[in-house]
Amino acid sequence: MNKNLLIIDGFELLASISGSIYILKYRVDNSIRYFVYFLWFTLLVELVGLIPSLIYYYNYLDFLKDTFLEKNNWLFNIFHILNFLFYTYFFRSIINTLLYKKTLKYLAIFFLLTTVSNLLLTDVFFSVASAFTYIFGSILILISVMFYFLELLQSDDILRFNKNLYFYIAIGSLIFHLAVTPLFIYSNYFDLGKSPFYVEIRRVILRFTNIFMYSCFTIGFLVCSRKNKSY
């Protein structure tokens, strides 16, 4: 079993549990509630994504070989689209500027149409993680977070940003997606036999960026739990 994935899943679980405690303890807005639900959904997808490793290591699952479950590229190609759309929806729901909200709405629609078309019209769906989806999606998150930061700078909330849950979510998600995007650009090199150095670098970067992101989420829930309100 891939220990790297288990470590990442452990931090995801910690963030999901922390978020669940937070929304059960305090009255929160729907954006935070949906965010916690999405953390659990992400964890579920990651666990399903372990099936290829289970097939590889355990002989009693040999009957699943040569099926679509032997690889998980199709699963994560779908999930990545949902992931970027969710984060765009999340930041759109917490900003107030009408121009920003409209811009994100139309960008999200364009993103959905183009990424789905890319998966349907090319051979990447089952074979490799779509670099197109990740590059476009990361740009979408960058714009979403930029809009949030612009509003934050113009409000009194900037004086207590360290107690703002949205700030922790923005920092964690932004740094993660920008850091891992280059890995997906070169995803065709993900072959241990041909490119062991790339595979190792990818493994290390994914581990630490995931730990950083989910640690940001967990710290945000813990820090903001000291106040009997949602930020």
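Residues numbered from 1 in each chain as written. Predicted model: local features only at pLDDT ≥ 70, side-chain atom pairs only at ≥ 80, totals over all residues. Heavy atoms only, no water.

### Overview of the confidence of the model for the protein chain
As a reminder of what qualifies: Looking at any residue, its pLDDT shows the predictor's confidence there, from 0 to 100. Labels follow the DSSP assignment, with helices taken as runs of H or I lasting at least four residues and strands as runs of E lasting at least two, numbered in each case from the N terminus.
Scored by pLDDT, the protein chain comes out at a mean of 87, with 90% of its residues at no less than 70. The lowest-confidence element of the protein chain is helix α3 (residues 51–57), averaging 75 in pLDDT; the highest-confidence one is helix α5 (residues 98–121), averaging 96.

### Remarks on the side chain of Ser-31
To keep it simple, the criterion reads: Any two residues whose heavy atoms approach within 4.5 Å at even a single point are treated as in contact.
Inspection of the secondary structure puts Ser-31 in helix α2 (residues 30–48). Excluding anything up to four places from it in sequence, Ser-31 contacts Phe-90, Ser-93, Ile-94 and Tyr-166.

### Quick word on the nonpolar core
Counted only if it meets this: Put simply, a nonpolar core is a bunch of buried Ala, Val, Leu, Ile, Met, Phe, Trp, Tyr and Cys residues held in one set by side-chain atoms that sit within 4.5 Å of each other. Think of it in three bands: residues with accessible area under 20% of the maximum for their type are buried, residues over 50% are exposed, and the middle band is partly exposed, with areas taken using a 1.4 Å probe on protein chains only.
Ranked by size, the top nonpolar core spans 55 residues in total, and within it Ile-32 and Phe-217 carry the most contacts. Ranked by residues supplied to this core, first place goes to helix α4 (residues 73–94) with 11 residues. Other than its neighbours up to four places away in sequence, Phe-217 contacts Ala-15, Phe-35, Leu-39, Tyr-87, Tyr-168, Ile-169, Gly-172 and Ser-173.

### With respect to the packing of α4 against helix α8 (residues 165–185)
Inclusion rule: Lines fitted to the C-alpha atoms define the axes, with helices restricted to the stretch that makes contact. Angles between their N-to-C directions range from 0 to 180 degrees. Here is the rule for angles: anything less than 35 degrees is roughly parallel, anything more than 145 is roughly antiparallel, 65 through 115 is roughly perpendicular, and the remaining ranges are oblique. Here is the rule for handedness: rotate from the far helix to the near one, and if that takes an anticlockwise turn smaller than a right angle the crossing is left-handed, while a clockwise turn gives right-handed.
Direction vectors running N to C along α4 and α8 enclose 150°, while the axes themselves pass 12 Å from each other. Classified by the interaxial angle, the pair formed by α4 and α8 is roughly antiparallel. The interaxial crossing formed by α4 with α8 has left-handed handedness. Seen from α4, the contacting residues are His-80, Asn-83, Phe-84, Tyr-87, Phe-90, Phe-91 and Ile-94; seen from α8, they are Tyr-166, Ile-169, Ala-170, Ser-173, His-177 and Phe-184.

### Remarks on the state of the cysteines
Cut-off, in case you're wondering: Counting rule for disulfides: a pair of cysteine sulfur atoms within 2.5 Å.
In total, this model carries 0 disulfides according to the counting rule given. Cys-216 carries a free sulfur, and the closest cysteine sulfur to it, the one in Cys-224, is 12 Å from it.

### A look at a nonpolar patch on the surface
The following threshold applies: Like-charged residues within 9 Å of one another, or nonpolar side chains (Val, Leu, Ile, Met, Phe, Trp, Tyr) within 5 Å, are grouped into patches, provided each residue has over 30% relative accessible area and no salt bridge. Every accessible area reported is derived by Shrake-Rupley at a probe size of 1.4 Å, with residue values counting cover from the shown protein chains alone. When a carboxyl oxygen of Asp or Glu is within 4 Å of a side-chain nitrogen of Lys or Arg, the pair counts as a salt bridge.
On the surface, a cluster of nonpolar side chains totalling about 400 Å² of accessible area is made up of Phe-41, Leu-44, Val-48, Ile-78 and Leu-82. Those elements that provide at least two residues to the nonpolar patch are α2 and α4. With 3 residues, the single largest contributor to the nonpolar patch is α2. Tracing the backbone through its elements, the reader meets Leu-82 in helix α4.

### Remarks on the packing of aromatic side chains
Working definition: an aromatic ring pair is given by the centre-to-centre distance plus the angle between the planes. The following threshold applies: Note on aromatic contacts: the rings of Phe and Tyr and the six-membered ring of Trp form a pair at centre separations within 6.5 Å, being stacked when their planes are under 30 degrees apart, edge-to-face when over 60 apart, and tilted otherwise.
Evaluated as defined, the whole model comprises 32 aromatic pairs. Geometrically, the ring pair formed by Phe-35 and Phe-90 is tilted, given 5.4 Å between the ring centres and 45° between the ring planes. In this pair, Phe-35 sits in helix α2 while Phe-90 sits in helix α4, placing the two residues 55 residues apart along the sequence. Comparing Phe-35 with Phe-90, the two get one shared label, buried. Judged by centre distance (4.7 Å) and plane angle (75°), the ring pair of Phe-125 and Phe-126 falls under edge-to-face.

### Thoughts on empty space enclosed by the protein
Rules: The rule is simple: put a 1 Å grid over the protein atoms alone, call a set of points where a 1.4 Å probe fits but cannot get out a cavity, call an open set with protein on both sides within 12 Å along at least five of seven lines a pocket, and count a residue as lining if it has an atom within 4 Å of a point. Grid points are joined across faces, edges and corners, and a volume is the space filled by probe spheres set on the points. Any residue that is not Ala, Val, Leu, Ile, Met, Phe, Trp, Tyr, Cys, Pro, Asp, Glu, Lys or Arg is counted as polar, Gly included; the first ten are nonpolar and the last four charged.
Under the criterion given, the structure shown has 1 cavity of 30 Å³ or more. In this structure, the largest cavity encloses a volume near 40 Å³. Lining the largest cavity we find Val-48, Ile-51, Pro-52, Leu-69, Lys-71, Asn-72, Trp-74 and Leu-75. Elements with a minimum of two residues in the lining of the largest cavity: α3 and α4. Taken together, the residues of the lining of the largest cavity sort by class into 6 nonpolar, 1 polar and 1 charged.

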